[in-house]
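A look at the structure
The chain contents come next:
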Amino acid sequence: MYYKNKDENWRKMADFWGRIFKINFAIGLVSGLTLTFQLGTNWGAYAEFMGDVFGPPLAVEALLAFFLEGTFFGAWIFLNRDRQKLKAFSMWMVALGTNISSLWIIIANGFMQHPVGYNMAADGSKVVMTDFLALITNGYVWYMMVHTLLAAYLLTAFLMMGICAYHFLKGNNNEVFKKSFSIAVAIALVTAVVLPVLGHGYAQYVTELQPAKGAAMDAIWETGSGEPMYLIQIPDSSTGSNSVQLLGIPGLASFLYTGSFSGTITGLNQLPHDELPPVEMIFWSFRLMTILGSLFIIEALLGLYLQKSGKLYTSDKYLKLMMWSIPLPYISITAGWIVAEVGRQPWIVYGLLKTANGISSVPISDVLLSITLISAFYLILMIFEIYLIKKTVVNATGVE
Ligand code: HEM
């Protein structure tokens, strides 16, 4: 926008949010490298089993997306201010690269959720890819890709709104934050509304492919048609039932997971016992993700209303709420990943390899040690990232 209309506010916005992006990008990169080590230290058997399938998407990711991001990220940082056209182009390429990156990573993850386009090696020791196109056109990948990207855009929008709210509360109502808030609130609203709409189709798709995960998301223990959804419910896997279930809405669970109010859902008690995920964890994570999803719609609607009616900059309560809401999309996203990844347990590659058979053949104490070290490393990275971002935000009063 700055390149087109030379309005200084757009340049300030690009510089300010760009600084936060750069911190995130650098730390994201380091965290990704650690993840690769983890494949070697803890998941040797899995890496051997999956190598044939995992390798190509990750190689394409490195070649296509990572080089694109890396090259243009450098150009963005080092180009002079007067090379505006090339600088703007570089930023767009970095944005494109990061989105493409997520596609290739999700293609690898999509295979673990729903293996396609492969043959088992004759000795059963590994999967051999037979159809690369099937890997890319895997339906699971596209549901996951859209959901994950929408969630990431929503998180970005809420982070921007929270940071703007912090400055409005400080009486720092300059154009940079006003314009930023307008963009962020629009993106927050669109993504918050589209997430549950598409999430509903996603839940049906997942339930068809992984019935245990689907049933665990709503703690449905017995097979039945026209299943209600309970507003208050506490599952208890030790008894294979819900210890509390109140305020049931007739047929709603069936509708959400099958698309029909009278649809049949297979209950957890009718599925193989040794192939059930930890039900409570999936149930509460799914509830948390969707409840927060509803809160996001309300917060975005309220923000839009307050801004349109000119009351935003004096609505201290709302501004404080938005500031303290910054962690919520992170929590929602983490809950979503718990549903997706813990929900397919005991499988690491669904239906083909159990997690217990995917770990490296080293003593369990070694695995524990490396997990502890990696977690400590991530914790340090997180503290460092929060510190740097906070410093950037707090020092941005004048936004130059
Ligand atoms: C409000 C309604 C929502 C519904 C119905 C919904 C549905 C789902 C379903 C069914 C899954 C599991 C997919 C699987 O097992 O592979 C999932 C995962 C996930 N959800 Fe949601 N979701 C909603 C809201 C949100 C929100 C608000 C966020 C974050 C801001 C979010 C972020 C995620 C993430 C990151 C995952 C893991 C990645 C993936 O599987 O795509 N979801 N969601």
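Residues numbered from 1 in each chain as written. Predicted model: local features only at pLDDT ≥ 70, side-chain atom pairs only at ≥ 80, totals over all residues. Heavy atoms only, no water.

In the nomenclature of an unreviewed UniProt entry, the chain corresponds to Cytochrome d ubiquinol oxidase subunit I from the organism Methanosarcina vacuolata Z-761. Reading the Subcellular location (unreviewed entry) entry of the UniProt record for the chain gives the comment "Cell membrane". (UniProt positions renumbered as here; feature names shortened; annotations may be inferred.)

**Brief notes about the pairing of strand E5 (residues 241-249)**
Summarising the sheet, strand E4 (residues 229-236) and E5 pair through seven bridges and their orientation is antiparallel. Within E5, the residue paired with Met229 across the bridge is Ile249. (Pairing = 2+ DSSP bridges. Helix = DSSP H or I, 4+ residues; strand = E, 2+ residues; numbered from the N terminus.)

**So, the coordination of the iron atom of the ligand**
Six octahedral donors at a metal ideally form angles of 90 or 180 degrees, and four tetrahedral donors ideally form angles of 109.5 degrees. Surrounding the iron atom of the ligand are the protein donor atoms His147 (NE2) and Met289 (SD), which sit 2.1 to 2.4 Å from the metal. If you look at the iron atom of the ligand, its six donor atoms make angles of 81 to 178° with each other, and the shape they trace is octahedral. Here His147, found in helix H6 (residues 139-169), pairs with Met289, found in helix H10 (residues 279-308); they are 142 residues apart in sequence, far enough to count as distant. Judged on exposure class, the residue His147 and its partner Met289 are both buried. (Donors = N, O, S within 2.8 Å, 3.2 Å for Na, K, Ca; no water. Tetrahedral: all angles 85-135°; square planar, octahedral: opposite > 155°, others 65-115°. Buried < 20%, exposed > 50% of the residue type's maximum accessible area, 1.4 Å probe, protein only.)

**Points about the packing of aromatic side chains**
Following the criterion strictly, the structure yields 22 aromatic pairs and no others. Between Tyr140 and Tyr202 the ring centres are 6.3 Å apart and the planes differ by 80°, which places this aromatic pair in the edge-to-face class. Taken together, the positions of Tyr140 in helix H6 and Tyr202 in helix H7 (residues 175-209) put the pair 62 residues apart, joining distant regions of the chain. Given a relative accessible area of 1%, Tyr140 falls into the buried group. Look at Tyr202 and you get buried, because its relative accessible area is 11%. Ring geometry for Phe158 and Phe296: centres 4.9 Å apart, planes at 55°, overall tilted. Of the two residues, Phe158 sits in helix H6 while Phe296 sits in helix H10, which places them 138 residues apart along the sequence. (Phe/Tyr/Trp six-rings, centres within 6.5 Å; stacked < 30°, edge-to-face > 60°.)

**Notes on the packing of H10 against helix H12 (residues 327-342)**
Packing of H10 against H12 leaves a shortest axis separation of 8 Å and a crossing angle of 145°. Remark: the crossing between H10 and H12 carries left-handed chirality. For the pair H10 and H12, contact is made by Met281, Ile282, Ser285, Phe286, Leu288, Met289, Leu292, Leu295 and Phe296 and by Leu328, Pro329, Ile331, Ser332, Ala335, Gly336, Ile338, Val339 and Val342, respectively. Of the residues that constitute the contact of H10 with H12, the class distribution is 15 nonpolar, three polar and no charged. (Axes fitted to C-alpha atoms, helices over the stretch in contact; angles between N-to-C directions. Left-handed = near helix turned anticlockwise from the far one by under 90°. Contact = heavy atoms within 4.5 Å. Nonpolar A, V, L, I, M, F, W, Y, C, P; charged D, E, K, R; others polar.)

**So, the site of the ligand**
Lining the immediate environment of the ligand, one finds 26 residues, of which Tyr140, His147, Tyr202, Lys213 and Met289 sit closest. Contact between the ligand and Tyr140: an oxygen atom at 2.6 Å from a side-chain N or O atom of the residue. Elements with a minimum of two residues in the shell around the ligand: H6, H7, helix H8 (211-217), H10 and H12. With seven residues, the single largest contributor to the shell around the ligand is H7. (Near = heavy atom within 4 Å. Polar contact = N/O pair within 3.5 Å; in protein donor to acceptor, adjacent residues only side chain to side chain.)

**Some details on the pattern of salt bridges**
For the structure on display, the rule yields five salt bridges. For Arg11, the salt bridge identified is with Asp15, shortest N-O distance 2.8 Å. Placement of both Arg11 and Asp15 in helix H2 (residues 8-42) is noted, with a separation of four residues, approximately one turn of the helix. An identical accessibility class is assigned to Arg11 and Asp15; each is buried. Taking the shortest distance from any N to any O, the salt bridge between Asp218 and Arg287 comes out at 3.3 Å. Taken together, the positions of Asp218 in the loop between H8 and strand E3 (224-225) and Arg287 in helix H10 put the pair 69 residues apart, joining distant regions of the chain. Three or more residues are tied together by salt bridges with common partners; here these are Glu8, Arg11 and Asp15. (Salt bridge = Lys/Arg side-chain N within 4 Å of Asp/Glu carboxyl O.)

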